[in-house]
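Observations on the three-dimensional arrangement
Okay, here's what each chain looks like letter by letter:
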Amino acid sequence: GLGFAALGGVVIGAAAALKPMIDKAAAMEEALSKNQLLLGESSKAVEAFAETSLRSFGVTNLAALQATGVFANLGKAMNLSEADSASMATTLTGLAGDLSSLHDVSVETALTALRAGLIGEAEPLRKFGIFLDAATLKTKAFAMGLIKNTKEALTPAIKSQAAYALILQEGAIAMGDFARTSDSATNATKTLAGEWEQLQIKIGTAILPFYTAM
């Protein structure tokens, strides 16, 4: 009885230690699948971007793939091609890392604000110095040739395209900030934490088939 109790304790302890790693590996699997479904062949470029996103932008592989999946879905709603959606997704994910670095907020906060801006919610981006009021969006859409005059109503797709262009324009000051300050205490800590997460995912990926089988 004592022997089985001890064995049960070991198994429970091992499961508790391995479960977070398994969960991260499963999340990675889902993120890859989503990108492949939405982007087709262009998902390969996204996966290559995610492999280097931690060192370049302070965004972990998993976070990058999850974010690009969200942005790729929005790209589809904006009537963009798979290649253009992939380009937008990686650009905005990288920008989120740089905004996080420059403004000392979490990457998740920056990603949420960028997503909100694309769907027409301007308020979250103001803390980053990016203003997307209605008049500015119409002026940008007109300059891009998306509408014939500034009195024309913006469709959701056109509004998102104009917002994307303005986000890149007004967020340009932040671009490259993580790389420039990668040796700061905050960014070095972020990189170390990201490397630990990626190690957990590797372990979780290795044991995921056995866990699923059980």
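Throughout, a residue's number is its position along its own chain's written sequence, starting from 1. Residues qualify for local features only when their pLDDT is at least 70, as the model is predicted, and side-chain atom pairs are given and counted only at 80 or more; totals for whole chains, interfaces and linings, by contrast, use all residues. Excluded from the side-chain calculations are hydrogens and water; all other atoms, namely the structure's heavy atoms, are used.

A contiguous nonpolar patch, built from Leu18, Trp196, Leu199 and Ile203 and spanning about 350 Å² of accessible area, is present on the exposed surface. Helix and strand definitions here come from DSSP, where helices need a minimum of 4 consecutive H or I residues and strands a minimum of 2 consecutive E residues; each element is numbered from the N-terminal end. Among the elements that make up the nonpolar patch, the one with the highest residue count is helix α9 (residues 185-213) (3 residues). Tracing the backbone through its elements, the reader meets leucine 18 in helix α1 (residues 2-39). Nonpolar side chains (Val, Leu, Ile, Met, Phe, Trp, Tyr) within 5 Å and like charges within 9 Å form the patches, drawn only from residues with over 30% relative accessible area and no salt bridge. Note on areas: Shrake-Rupley with a 1.4 Å probe; residue coverage comes only from the protein chains shown. Here, a salt bridge means any Lys or Arg side-chain nitrogen found within 4 Å of an Asp or Glu carboxyl oxygen.

Before going further, it helps to examine the side chain of asparagine 187. As for its position among the elements, asparagine 187 is in helix α9. Residue exposure (1.4 Å probe, protein chains only): buried if accessible area is under 20% of the type maximum, exposed if over 50%, otherwise partly exposed. Looking at asparagine 187, the relative accessible area reads 3%, which means it is buried.

With that settled, the discussion passes to the nonpolar core. Throughout, nonpolar core names a set of buried Ala, Val, Leu, Ile, Met, Phe, Trp, Tyr and Cys residues whose side chains join them through atoms within 4.5 Å. Of all hydrophobic cores here, the largest spans 45 residues; its most connected members are Phe71, Leu92, Leu114, Leu118, Leu125, Leu132 and Ile167. At the level of secondary structure, the elements contributing two or more residues to this core comprise α1, α2 (43-57), α3 (61-77), α4 (82-103), α5 (107-118), α6 (134-143) and α7 (156-170). Those residues in contact with leucine 92 that sit more than four places away from it in its chain are Phe71, Leu114, Leu118, Tyr164 and Ile167. The contact criterion used throughout is that any non-hydrogen atoms of two residues lie within 4.5 Å.

What follows deals with the environment of serine 43. With respect to the helices, strands and loops of the structure, serine 43 is situated in helix α2. The exposure class of serine 43 is buried, given its relative accessible area of 3%. Distance from serine 43 to glycine 69, taken between C-alpha atoms, is 9.5 Å for residues 26 residues apart in sequence. Residues within four places of serine 43 in sequence aside, it is in contact with Asn35 and Gln36. Identification of polar contacts relies on pairs of N or O atoms within 3.5 Å, with a donor-acceptor requirement for protein atoms, meaning one able to donate a hydrogen and the other able to accept it, and with residues adjacent in sequence counted only if both atoms are side-chain atoms. Reaching out from serine 43, the side chain makes a polar contact with the backbone oxygen of glycine 40 at a distance of 2.7 Å.

Another point: the layout of surface pockets. Computed over the protein atoms alone on a 1 Å grid, cavities are sets of points where a 1.4 Å probe fits but cannot get out and pockets are open sets with protein on both sides within 12 Å along at least five of seven lines; a residue lines them when it has an atom within 4 Å of a point. Grid points are joined across faces, edges and corners, and a volume is the space filled by probe spheres set on the points. Estimates place the volume of the largest pocket at around 490 Å³. Together, 26 residues line the largest pocket, and Ala63, Ser106, Val107, Glu108 and Leu111 are the ones closest to its centre. Breaking the lining of the largest pocket down by element, the ones donating at least two residues are α3, α4, α5 and α9. Here the lining of the largest pocket gets 6 residues from one element, more than from any other, and that element is α9.

With that settled, consider the confidence of the model for the protein. Mean pLDDT over the protein works out to 91, with 93% of the residues at or above the 70 mark. Mean pLDDT across the elements of the protein ranges from a minimum in α1, with 79, to a maximum in α4, with 97. Per residue, pLDDT captures the predictor's confidence, and it can take any value from 0 to 100.

Moving on: the pattern of salt bridges. Considering all chains together, one arrives at 6 salt bridges under this definition. For arginine 126, the salt bridge is made with glutamate 123, and the minimal N-O distance between the two is 3.3 Å. We classify arginine 126 as partly exposed; its relative accessible area is 42%.

What follows covers the environment of glutamate 41. Mapping glutamate 41 onto the fold places it in the loop between α1 and α2. Residue glutamate 41 is classed as exposed on the basis of its relative accessible area of 59%. It is 9.9 Å that separates the C-alpha atoms of glutamate 41 and alanine 86, two residues lying 45 residues apart in sequence.

Only the contacting stretch of a helix is used when fitting its axis, a line to C-alpha atoms as for every element, and angles between N-to-C directions run 0 to 180 degrees. Two elements in contact, α2 and α3, have axes whose closest approach is 8 Å; the angle formed by their N-to-C orientations is 145°. When you trace α2 past α3, the crossing you get is right-handed. Judged by residue contacts, Val46, Glu47, Phe49, Ala50, Glu51 and Ser53 of α2 engage Asn61, Ala64, Leu65 and Thr68 from α3. Ten residues, namely Ala, Val, Leu, Ile, Met, Phe, Trp, Tyr, Cys and Pro, are considered nonpolar, four, namely Asp, Glu, Lys and Arg, are considered charged, and the remaining ones, Gly among them, are considered polar. The residue makeup of the contact of α2 with α3, split by class, is 5 nonpolar, 3 polar and 2 charged. If you view the pair so one helix is near and one far, a crossing is left-handed when the near helix is turned anticlockwise from the far one by less than a right angle, and right-handed when it is turned clockwise.

We now examine α4. End to end, α4 covers 31 Å across 22 residues, agreeing with the expected 32 Å (1.5 Å per residue, within 8%). Where α4 terminates, the next one or two residues include aspartate 104, which has phi positive at roughly 55°. One fewer than the residue count of a helix, multiplied by 1.5 Å, yields its expected span.

With that out of the way, let us pick up the side chain of serine 53. Mapped onto the secondary structure, serine 53 falls in helix α2. Owing to a relative accessible area of 0%, serine 53 belongs among the buried residues under this scheme. Only 2.7 Å separates the side chain of serine 53 from the backbone oxygen of valine 59, close enough to count as a polar contact. Excluding residues that lie within four positions of it along the chain, serine 53 makes contacts with Gly58, Val59, Thr60, Asn61 and Ala64.

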